[in-house]
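Descriptive structure summary
Here's the letter readout for the chains.
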Amino acid sequence: MAGETTITLVGNLTADPDIRHLDNGDQVANFNIASTPRHYAREAGEWRDGEPLFMRCAAWRDLADHVAATLSRGMRVIATGRLRQRTFETGDGERRTVIDLEVDEIGPSLRWATAQVTKTTNGGRGRQRPAAAPNPSTGGFGAPPTDQWATGAVGADKPPF
């Protein structure tokens, strides 16, 4: 939507994602990302940590399931989404305001790690992707043959882009 505040946040998960299944059938994964800025202090000749930012995050529906199955405490992640502001009243009658990140995309950071990606066959509510079919070029099941990366159509004689 236009006018929404979107951000990209890089940091570490402070705990395993907590997934909940709602009465309407939706799932939500709640988790926190800690992001600590670093700067180089020339006079001391060393790197120093700044004040950490702890951002509450929520991922919904299929993304919630993928987050819960893939990510765990301590993992460095890159998340992008929209900031949401909520105001509520405590039991003592105090009004509080919190800002959360509603995650649109998230994945592990590959700066100091590697990851094995597995493509899902159902990408979302009511949108069925074609099921994986036997792929002669890979000798098994994989992406549909129209996928140039899966079929090996991109080779040394062709630029990848």
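Just so it is clear, the structure is predicted and the values come from calculations on it, not from any experiment.

Of regular secondary structure, the protein chain possesses two helices and 12 strands. Its helices and strands taken in sequence order, the protein chain reads β-β-β-β-β-β-α-β-β-β-β-β-β-α from the N to the C terminus. Summarising the internal contacts of the protein chain: among those between residues at least 6 apart in sequence, 54% fall at separations of at least 24. On the protein chain, roughly 11700 Å² of surface is accessible, and the fraction owed to carbon and sulfur atoms is 51%.

Here the structure, examined in full by the defined rule, presents 13 salt bridges. A salt bridge links D18 to R20; its shortest N-O distance comes to 2.9 Å. Across the pair R86 and D100 runs a salt bridge, and its minimum N-O distance is 2.9 Å. Of this pair, R86 sits in strand β7 (residues 76-89) while D100 is found in strand β8 (residues 95-108), placing the two residues 14 residues apart along the sequence. According to the relative accessible area criterion, D100 is buried, its value standing at 12%. A single network of salt bridges, built from pairs that share partners, joins E4, R82, R84, E102 and D104.

Sheet topology note: the strand β3 (residues 27-35)/strand β6 (residues 53-60) ladder contains eight bridges and is antiparallel. Opposite F31, over in β6, you have C57 as the bridge partner. The sheet contact formed by β6 and β8 spans three bridges and is parallel. Its bridge partner being in β8, A58 is matched across the sheet by E102.

Moving on, we come to the packing of aromatic side chains. Scanning the model with the defined rule gives one aromatic pair in all. Between Y40 and W47, the aromatic rings sit 5.4 Å apart at their centres with planes inclined by 65 degrees, giving edge-to-face as the arrangement.

What follows deals with the pairing of strand β4 (residues 38-41). Here β4 pairs with strand β5 (residues 46-49) via four bridges, running antiparallel. Across the sheet, the residue bridging to R38 is D49, located in β5. What sits between the antiparallel neighbours β4 and β5 is a turn of four residues, in which G45 has the positive phi angle 70 degrees.

What counts, and at which threshold
- Residues numbered from 1 in each chain as written.
- Predicted model: local features only at pLDDT ≥ 70, side-chain atom pairs only at ≥ 80, totals over all residues.
- Heavy atoms only, no water.
- Helix = DSSP H or I, 4+ residues; strand = E, 2+ residues; numbered from the N terminus.
- Contact = heavy atoms within 4.5 Å.
- Areas by Shrake-Rupley, 256 points an atom, 1.4 Å probe, with all protein chains shown as cover.
- Salt bridge = Lys/Arg side-chain N within 4 Å of Asp/Glu carboxyl O.
- Buried < 20%, exposed > 50% of the residue type's maximum accessible area, 1.4 Å probe, protein only.
- Pairing = 2+ DSSP bridges.
- Phe/Tyr/Trp six-rings, centres within 6.5 Å; stacked < 30°, edge-to-face > 60°.

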